[in-house]
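The residues making up each chain are set out below.
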Amino acid sequence: MTEVQVSGSRARTRQAIVDAAIEVLGRNPAASLGDIATAAEVGRTTLHRYFAERSDLLAAVGAEAVTRLGRATAQARIGEGTGASALRRLCQEYFDLGNLLSLMFTEPGLCVDPAAGGSEGCDPEFAAMVERGHADGTIDPELPADWLQSLVWSQLYAGWAYLAETGASRHEVLRLILRTVDGAIAVRPT
């Protein structure tokens, strides 16, 4: 094997372990490294070769979370269209990150993006989207951005729980989330 093939193989194995950790820990935050190794279809020794400590694996999962959230936010194009339509697209993109976001809820320090300058407050892009929605009349101006960010997270979490508990289809659960968010953000007549 060439060095490129070896490094490619190592990268795939490392990614398989990180992906398995997201899946397994998203469902059960107390899962063992052995459970993760089994899900990744590698031995515990192999897992430990890549991640000596659980904290090392969680750091890699956190870095993957930053990457996936950034990708989902970019795909949602939250700078385009009305504030409400951008918020809908964001919910749709984030919905498919269920296990990762569930894990982030149980491990709050997991995903700290150094580029964001800390975890306090609302993401500036999200806040700008909400402000645009206030200005274009598609988001109730009495609802601040940080409240709406919490609303989105809570509805996504409720959707993932409902999906797991009821076996409803992904399509139906996403429809329910979007309907709930649409109703919550609608401008009320004064």
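Because the structure is a prediction, the values reported are computed rather than measured. (Residues numbered from 1 in each chain as written. Predicted model: local features only at pLDDT ≥ 70, side-chain atom pairs only at ≥ 80, totals over all residues. Heavy atoms only, no water.)

## Looking at the overall build of the chain
Here is step 1: Check the secondary structure of the chain and you find 9 helices and 0 strands.
Here is step 2: Going from N to C terminus, the chain has its helices and strands arranged as α-α-α-α-α-α-α-α-α.
Here is step 3: When its C-alpha atoms are laid out on the principal axes, the chain stretches across 65 × 40 × 30 Å.
Here is step 4: Sorting the 190 residues of the chain into buried and exposed places 38% on the buried side.
Here is step 5: Expressed as a percentage of contacts within the chain between residues at least 6 apart in sequence, the contacts between residues at least 24 apart total 67%.
Here is step 6: Of the roughly 10500 Å² that the chain leaves accessible, carbon and sulfur atoms contribute 53%.
Here is step 7: Each charge sign in the chain was given a centre, from 17 positive and 24 negative side chains, and these centres are 7 Å apart. (Helix = DSSP H or I, 4+ residues; strand = E, 2+ residues; numbered from the N terminus. Buried < 20%, exposed > 50% of the residue type's maximum accessible area, 1.4 Å probe, protein only. Contact = heavy atoms within 4.5 Å. Areas by Shrake-Rupley, 256 points an atom, 1.4 Å probe, with all protein chains shown as cover. Lys, Arg positive; Asp, Glu negative; His and termini not counted. Charge placed at Lys NZ, Arg CZ, Asp CG, Glu CD.)

## Remarks on the nonpolar core
Here is step 1: Residues Ile17, Ile36 and Val61 are the most contacted members of the largest nonpolar core, which totals 56 residues.
Here is step 2: Considering each element in turn, this core owes the most residues, 8 residues, to helix 4 (residues 54-76).
Here is step 3: Dropping the residues within four chain positions of it, Val61 is found in contact with Val18, Ala21, Ile22, Leu100, Leu103 and Leu110. (Core = buried A, V, L, I, M, F, W, Y, C linked by side-chain atoms within 4.5 Å.)

## What to know about helix 9 (residues 170-185)
Here is step 1: With 16 residues, helix 9 ought to run about 22 Å at 1.5 Å a step, and its terminal C-alpha atoms sit 23 Å apart, in line with that.
Here is step 2: The complete set of buried residues in helix 9 reads Val173, Leu174, Ile177, Leu178, Val181 and Ile185. The arc that holds the buried residues of helix 9, viewed along the axis, is 135°, so those residues lie on one side. Opposite the buried face of helix 9, by more than 90 degrees, sit the exposed residues His171 and Arg179.
Here is step 3: Looking at the packing, one finds that the buried side of helix 9 touches helix 5 (83-95) and helix 8 (145-166). (Expected span 1.5 Å × (residues − 1). Arc of directions from axis to C-beta.)

## What about the side chain of Arg89?
Here is step 1: Looking at where Arg89 falls in the secondary structure, it is placed in helix 5.
Here is step 2: In this structure, Arg89 is buried with no salt-bridge partner, the nearest side chain bearing the opposite charge being Glu80 at 5.1 Å.
Here is step 3: Side-chain polar atoms of Arg89 contact the backbone oxygen of Ala76, separated by 2.7 Å.
Here is step 4: Excluding anything up to four places from it in sequence, Arg89 contacts Ala76, Arg77, Glu80 and Gly81. (Salt bridge = Lys/Arg side-chain N within 4 Å of Asp/Glu carboxyl O. Polar contact = N/O pair within 3.5 Å; in protein donor to acceptor, adjacent residues only side chain to side chain.)

## Description of the packing of helix 5 against helix 9
Here is step 1: At a closest axis distance of 10 Å, the pairing of helix 5 and helix 9 adopts a crossing angle of 150°. Put simply, helix 5 runs roughly antiparallel to helix 9. Where helix 5 crosses over helix 9, the two elements pack in a sense that is right-handed. Each of Ala84, Leu87, Arg88, Cys91, Gln92 and Phe95 in helix 5 lies in contact with helix 9, whose residues at this interface are Arg170, Val173, Leu174, Ile177, Leu178, Val181, Asp182 and Ile185.
Here is step 2: A class-by-class count of the residues in the contact of helix 5 with helix 9 yields 10 nonpolar, 1 polar and 3 charged. (Axes fitted to C-alpha atoms, helices over the stretch in contact; angles between N-to-C directions. Parallel < 35°, antiparallel > 145°, perpendicular 65-115°, else oblique. Left-handed = near helix turned anticlockwise from the far one by under 90°. Nonpolar A, V, L, I, M, F, W, Y, C, P; charged D, E, K, R; others polar.)

## Some details on the packing of aromatic side chains
Here is step 1: One pass over the full model with this rule turns up 1 aromatic pair.
Here is step 2: Ring centres of Tyr94 and Trp153 lie 5.3 Å apart, and the angle between their planes is 5°; on these two criteria the pair is classed as stacked. Taken together, the residues span a long stretch of sequence, with Tyr94 in helix 5 and Trp153 in helix 8 at a distance of 59 residues. (Phe/Tyr/Trp six-rings, centres within 6.5 Å; stacked < 30°, edge-to-face > 60°.)

## Points about the confidence of the model for the chain
Here is step 1: When pLDDT is averaged along the chain, the result is 89, and 91% of the positions lie at 70 or above.
Here is step 2: Contacts for the low-pLDDT stretch residues 113-119, under 50 throughout, to residues beyond four places or in other chains number 2 contacts. (pLDDT = per-residue confidence, 0-100.)

## Observations regarding the packing of helix 4 against helix 6 (residues 98-106)
Here is step 1: The geometry of helix 4 relative to helix 6 is characterised by a closest axis approach of 11 Å and an angle of 125° between their N-to-C directions. Classified by the interaxial angle, the pair formed by helix 4 and helix 6 is oblique. The chirality of how helix 4 crosses helix 6 is left-handed. Counting all contacts with helix 4, which are made through Val61, Ala65, Arg68 and Leu69, the residues of helix 6 involved are Leu100, Leu101, Leu103 and Met104.
Here is step 2: The residue inventory of the contact of helix 4 with helix 6, partitioned by class, reads 7 nonpolar, no polar and 1 charged.

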